[in-house]
Amino acid sequence: MDEEEKPVRRLSSIVLIIIVVVLALSASALYQAIDLYLKQDVASGYYLLIGFLGLAFSIYMLLQTRRRMRRFALKTTPVTTTITCQKCDFKNLREFERGDFILKEAGSCTKCDGTMLISAIYRELKEKVKEERF
Amino acid sequence: MDPSQILGAQFGGEGPLGWIFQVIFTLLFIVMIFYGQRIQMYVMIREIQGSLIRLRFIRDKGVKTAIDTIKEIGKPETDPTERVYQFLEYVTILPQSMDPAGIVWKLEHILDIREDRFKDEVRLMAPSADETNVNNLENTLEAAAALNIIYKVIRHFYILGKKTLSLYIIMQIQMLLPLIMREAEAYSSALKAFSYGQPIGDGAGPLVAAKLMHGRRKKKIEKDCVVAKVPLEGRTTYVIKAEGPGGNVGKPGEAIKRVIEETDGKVATIIMIDAALKLEGEKPGEVAEGVGAAIGGPGTEQYKIEESILKYKIPIHAVIIKEDIGDAVSPMRKEIFDAAEVAIDRVKRLIREKTKEGDVVIIAGIGNSIGVGQ
Ligand SMILES: [Zn+2]
């Protein structure tokens, strides 16, 4: 029941060009920054700032397109069927199968001769327990 | 000092690189002044485009699931694909409401025809399916049709927005997108649950009724409902639910009306159990009480119930199990399943407090009984 879809990775050419240009500019700005720093020029700080900003921007853009792609997979949680013996309360848990329904008779018990009954079908969410403030 | 040096120095640097940055910043400034809103609009359009791609993915996946299920269960001789795509385009034209008197019956009639038509269609597509599976397949296809409509409406506004470049059109769709996407995801998981025949969150009402009536003699009652006479807390109760385990909601309004008439209106109280939408922040599976006919849908059943209780002045109580829209149509969460027991305790307490021993009480579990037997 897993649906991991691997969609084609698409980047529009304009976005790619912008990213490349910004990368090139920030690289040269960083180079300039080092150059000026060696010359002990205060302006090196500005270039450093611009270089890193450009770098951050292009990395962000790249990550943004990746994240959009990753959202594509549909997540599914397993559904459990609980079968209980009417006589001795023996419980059997298994994955849901087509044809199961709540209160369906499901053969006889393996421990005694009582009839088994599907007593529950549910999905359990393993949610990150985050303490909500409200 | 030549001008390039001055400009360069202004930025703190020197040489051609300082120049380049200067030009870039100036250009950016001018572009933002004149084209800021337009750029924002393109960003919005791209966002809608992204969602649209995802919506199409969800819809295609859903339709594929539906077709596969039909092939697996129905064993059709011909490929059902084309018929399924025709089914997705079905429209229901609602009755004219200029003169609203009697519209409930007109609406009910149209909805009856719709359901019959859908079921016939499913029987043709899946000849080997039994009644339970016909119901489940019908629900599956309806979910696929809903996904199709959502996709097409968003696509309509996307194309319209691109054509007109009207900020109004683009913005309203972009602002509603998060909610629309949630709805689409909900329908998508509903479709999966329907195709497997798994109980869904909306089945909380029928689950409570099923637990109460289990082991008793059941009688079929109009329409697609079952009723069982169950002694509870020294009272005689008539427990009603939609017939399971196929996916259907039945006509509980009709059933309640029938039971009231059969007992000549000597009903002490009616208790309805239904799943209700929770507000964000409320816990799923919370049980609450109230008064009134707890039933959703197009409103025809609620109308019928209210008509018949008014005739005999029967008090009506509601027990609701809270869940959000996603939970209501996805496979039932454990919290909601567990809430059924809590709801039963509340029903028993209500009966003890609101009626005397020997009274007749109607208990109706409202909702889709898919995956819930009796
Ligand atoms: Zn046993």
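The coordinates are above.
Residues numbered from 1 in each chain as written. Chains lettered and ligands numbered in written order. Predicted model: local features only at pLDDT ≥ 70, side-chain atom pairs only at ≥ 80, totals over all residues. Heavy atoms only, no water.

(A) Here's a closer look at the coordination of the zinc ion. Residue and element names in this part refer to chain A. Note on the zinc ion: its protein donors are Cys 85 (SG), Cys 88 (SG), Cys 109 (SG) and Cys 112 (SG). The metal-donor distances range over 2.3 Å. Coordination at the zinc ion comes from 4 donor atoms whose angles at the metal span 104 to 116°, giving a geometry best classed as tetrahedral. Mapping the donors of the zinc ion onto the primary sequence yields the spacing C-x2-C-x20-C-x2-C. Here Cys 85 is found in strand S1 (residues 79–85), whereas its partner Cys 112 is found in the loop between strand S3 (105–108) and strand S4 (115–123), with 27 residues between them in sequence. Judged by its relative accessible area of 2%, Cys 85 is buried. (Donors = N, O, S within 2.8 Å, 3.2 Å for Na, K, Ca; no water. Tetrahedral: all angles 85-135°; square planar, octahedral: opposite > 155°, others 65-115°. Helix = DSSP H or I, 4+ residues; strand = E, 2+ residues; numbered from the N terminus. Buried < 20%, exposed > 50% of the residue type's maximum accessible area, 1.4 Å probe, protein only.)

(B) Spatial organisation of the interface of chain A and chain B. Contact residues are listed per partner, giving 37 residues for chain A and 43 residues for chain B. Summed over both sides, the interface of chain A with chain B buries roughly 3500 Å², with 63% coming from carbon and sulfur. If you look at where chain A meets chain B, you find 2 salt bridges. Among the ionic pairs, Asp 327 of chain B bridges to Arg 123 of chain A, the shortest N-O distance being 3.3 Å. In this structure, the connection of chain A to chain B is made through 8 residue pairs in polar contact (both at pLDDT 80 or more). Sorting elements by how many residues they give to the side of chain A that touches chain B places S4 of chain A first, with 6 residues. The class makeup of the residues in the side of chain A that touches chain B is 20 nonpolar, 6 polar and 11 charged. (Contact = heavy atoms within 4.5 Å. Buried area = accessible area lost by both parts, 1.4 Å probe. Salt bridge = Lys/Arg side-chain N within 4 Å of Asp/Glu carboxyl O. Polar contact = N/O pair within 3.5 Å; in protein donor to acceptor, adjacent residues only side chain to side chain. Nonpolar A, V, L, I, M, F, W, Y, C, P; charged D, E, K, R; others polar.)

(C) Spatial organisation of unusual backbone geometry. All names here are of chain B. Following Gly 244, the chain continues into Pro 245 via a peptide bond in cis, with omega recorded as 0°. The topology assignment puts Pro 245 in the loop between strand S3 (235–242) and helix H8 (252–262). A positive phi angle is found at Lys 75, which is not glycine, with a value near 45°. What makes Lys 75 exposed here is its relative accessible area of 56%. Positive phi values are uncommon outside glycine, yet Lys 313 reaches one of about 55°.

(D) Fine view of the packing of helix H4 (residues 103–125) of chain B against helix H9 (residues 300–312) of chain B. Residues and elements named next belong to chain B. Relative to each other, H4 and H9 sit at 135°, their axes nearing to 10 Å. Between H4 and H9, the angle is such that the two are oblique. Crossing of H4 over H9 shows left-handed handedness. Each of Val 104, Trp 105, Leu 107 and Glu 108 in H4 lies in contact with H9, whose residues at this interface are Thr 300, Glu 301, Tyr 303 and Lys 304. Partitioned by chemical class, the residues of the contact of H4 with H9 number 4 nonpolar, 1 polar and 3 charged. (Axes fitted to C-alpha atoms, helices over the stretch in contact; angles between N-to-C directions. Parallel < 35°, antiparallel > 145°, perpendicular 65-115°, else oblique. Left-handed = near helix turned anticlockwise from the far one by under 90°.)

(E) Here's a closer look at the pairing of strand S4 (residues 269–277) of chain B. All names here are of chain B. Burial analysis of S4 places 7 of its 9 residues in the buried class, the great majority of the element. As paired strands, S4 and strand S7 (residues 360–365) are joined by 5 bridges and run parallel to one another. Bridge pairing in S7 places Ile 271 opposite Ile 363. Bridge analysis of S4 against strand S6 (residues 316–323) gives 8 bridges, and the strand direction is parallel. Across the sheet, Asp 274 pairs through a bridge with Ile 320, a residue of S6. (Pairing = 2+ DSSP bridges.)

Everything listed is a geometric property; what it means functionally is a separate question.
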